[in-house]
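# Structural characterization, general
So you can see what is in the structure, the chains are spelled out below.
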Amino acid sequence: MVDTTIDLGSVRLKSPVLAASGTFGFGREVSSVYDLSQIGGICTKGLTVDSRSGNPPPRVAETASGMLNSVGLQNPGIDSFIRDELPNMLQMGCRIVVNIAGNSLEDYQILCRTLDTTRADVIELNLSCPNVREGCMMIGSDERQIRQVVSASKAMTTKPLWVKLTPNVTDIVRMACAAEEAGADAVVLINTLMGLAIDRTSRRPILHNNTGGLSGPAIKPVALRMVADVFRSVSIPIVGVGGIMNGSDAIEFLIAGASAVEIGTATLLKPSACLDVQNEMIAIAESDGVDSLKDYSGTLIAW
Ligand SMILES: Cc1cc2nc3c(=O)[nH]c(=O)nc-3n(C[C@H](O)[C@H](O)[C@H](O)COP(=O)(O)O)c2cc1C
């Protein structure tokens, strides 16, 4: 029997596999496919203070080994989420990580203060969405603003705060260190990489928003490199995400230094992806003679 439990700071997960934000809704659809109590947790769609209808279509485009999306944070707003979705999610038997996105420092404070009174397990601060005009990635690409928003958010809640960073920066290590210094309990690496898809005949961008965020297997090497670099410089746990399609990919993230992983685009291809990845990790550990999945974490041997 392989031990799959991990402690991410004060949060114990029964498995290091979580569903990534924006690719799992609020878990309703996938809960009819398998019992969600088997996985480590679910990260909700990014929630804002007020509801948002998102960007006009087309909002997704397929690319070689991945996809571009410019959903633009379509969501029901935090109050509606707490009233209509959270009670159902709390019955699912896995950790509930609420992903929040704001235009400003004040938005993040309101969201954290509001969530503090709920039974959600973790707040994931989305400082990385590339598909909105204000806040988010603008904050996450500036060390000073990361410090300000993380410490202001931390002051509003006693819940563990994970900070999800954007890869669209020159130096991810500096951004992760800024988050750690400001009080983040973990960093989540990475959100999508900004990209462009063009329709040759019309000479127009395929996405209505022009650009979008690239996800899927195409970004895995970028994400792995960032996890490995950040692992050498921070002492808080890292949650790895980006292009994980199977158990071997997930274990590579652990080796690079992640304590847990999130699965995004793979779920859009196959709703059972999180559970499949988890089962494959267990099978690999059995064949490697590894007793506990946490034993893989941070074991990269560099040349
Ligand atoms: C359609 C779509 C919507 C997303 N929405 C969010 C979101 O609301 N908040 C967030 O932090 N990340 C969001 N992401 C990013 C994913 O959570 C993840 O970081 C990224 O897709 C890389 O992982 P993957 O390659 O496994 O998909 C979204 C990704 C996709 C594909």
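The structure this text deals with has already been given above.
In what follows, the accompanying structure is described. Since the structure is predicted, the reported quantities are computational estimates derived from the model, not experimental observations.

## Concerning the sheet that holds strand S14 (residues 211-215)
Spatially, S5-S6-S14-S11 is the arrangement adopted by the 4 strands of the open sheet, whose pairing is antiparallel. Of all the strands in the sheet, just strand S5 (60-63) and strand S11 (193-196) have a single pairing partner and so form its edges. Direction aside, the axes of adjacent strands within the sheet are offset by 40° on average. Relative to S14, S11 is paired through 4 bridges, and the arrangement is antiparallel. Bridged to Gly195 within S14 is Gly212.

## Quick look at the site of the ligand
What surrounds the ligand is a group of 22 residues, the closest being Ser21, Lys164, Gly216, Gly243 and Thr265. Asn99 is positioned with one of its side-chain polar atoms (N or O) 2.9 Å from an oxygen atom of the ligand. The side chain of Asn126 places a nitrogen or oxygen atom 3.2 Å from a nitrogen atom of the ligand. Alone, the ligand offers 610 Å² of accessible surface; in the complex the protein occludes 96% of this. Residue composition of the shell around the ligand, by class: 5 nonpolar, 15 polar and 2 charged.

## Topic: the pairing of strand S6 (residues 66-69)
Every second residue of S6 is oriented toward a common face, with Gly66 and Leu68 on one face and Met67 and Asn69 on the other, all of them buried. When S5 meets S6, the two strands line up antiparallel, connected through 4 bridges. What sits directly across from Ala61, in S6, is Leu68. Where S5 folds back onto S6 in an antiparallel hairpin, the turn is made up of 2 residues, including Ser65, whose phi is positive at roughly 55°. The pairing of S6 with S14 spans 3 bridges and is antiparallel. Looking across to S14, one finds that Leu68 is bridged to Leu214.

## Focus: the side chain of Thr192
As for its position among the elements, Thr192 is in the loop between strand S10 (186-189) and S11. Here the side chain of Thr192 touches Asn191 through a polar contact of 3.3 Å, side chain to side chain. Aside from chain neighbours lying at most four places away, what touches Thr192 is Asn69, Pro130, Pro167, Asn168, Gly213, Leu214 and Ser215.

## Notes on unusual backbone geometry
The amide bond that connects Pro57 to the next residue, Pro58, takes the cis arrangement and shows omega of -5°. By secondary structure assignment, the location of Pro58 is in the loop between strand S4 (41-43) and S5. Residues Leu189 and Ile190 are joined by a peptide bond in cis, for which omega reads 15°. Mapped onto the fold, Ile190 is located in the loop between S10 and S11. Located in the positive-phi region is Leu73, a residue other than glycine, with phi close to 60°. Residue position: Leu73 is located in the loop between S6 and helix H1 (78-89). Backbone geometry at Cys136 places phi at a positive 45°, although glycine is not the residue there. Here Cys136 lies in the loop between strand S8 (122-126) and helix H3 (137-140). Look at Cys136 and you get buried, because its relative accessible area is 1%.

What counts, and where the lines are drawn
Residues numbered from 1 in each chain as written. Predicted model: local features only at pLDDT ≥ 70, side-chain atom pairs only at ≥ 80, totals over all residues. Heavy atoms only, no water. Pairing = 2+ DSSP bridges. Helix = DSSP H or I, 4+ residues; strand = E, 2+ residues; numbered from the N terminus. Axes fitted to C-alpha atoms, helices over the stretch in contact; angles between N-to-C directions. Near = heavy atom within 4 Å. Polar contact = N/O pair within 3.5 Å; in protein donor to acceptor, adjacent residues only side chain to side chain. Areas by Shrake-Rupley, 256 points an atom, 1.4 Å probe, with all protein chains shown as cover. Nonpolar A, V, L, I, M, F, W, Y, C, P; charged D, E, K, R; others polar. Buried < 20%, exposed > 50% of the residue type's maximum accessible area, 1.4 Å probe, protein only. Contact = heavy atoms within 4.5 Å.

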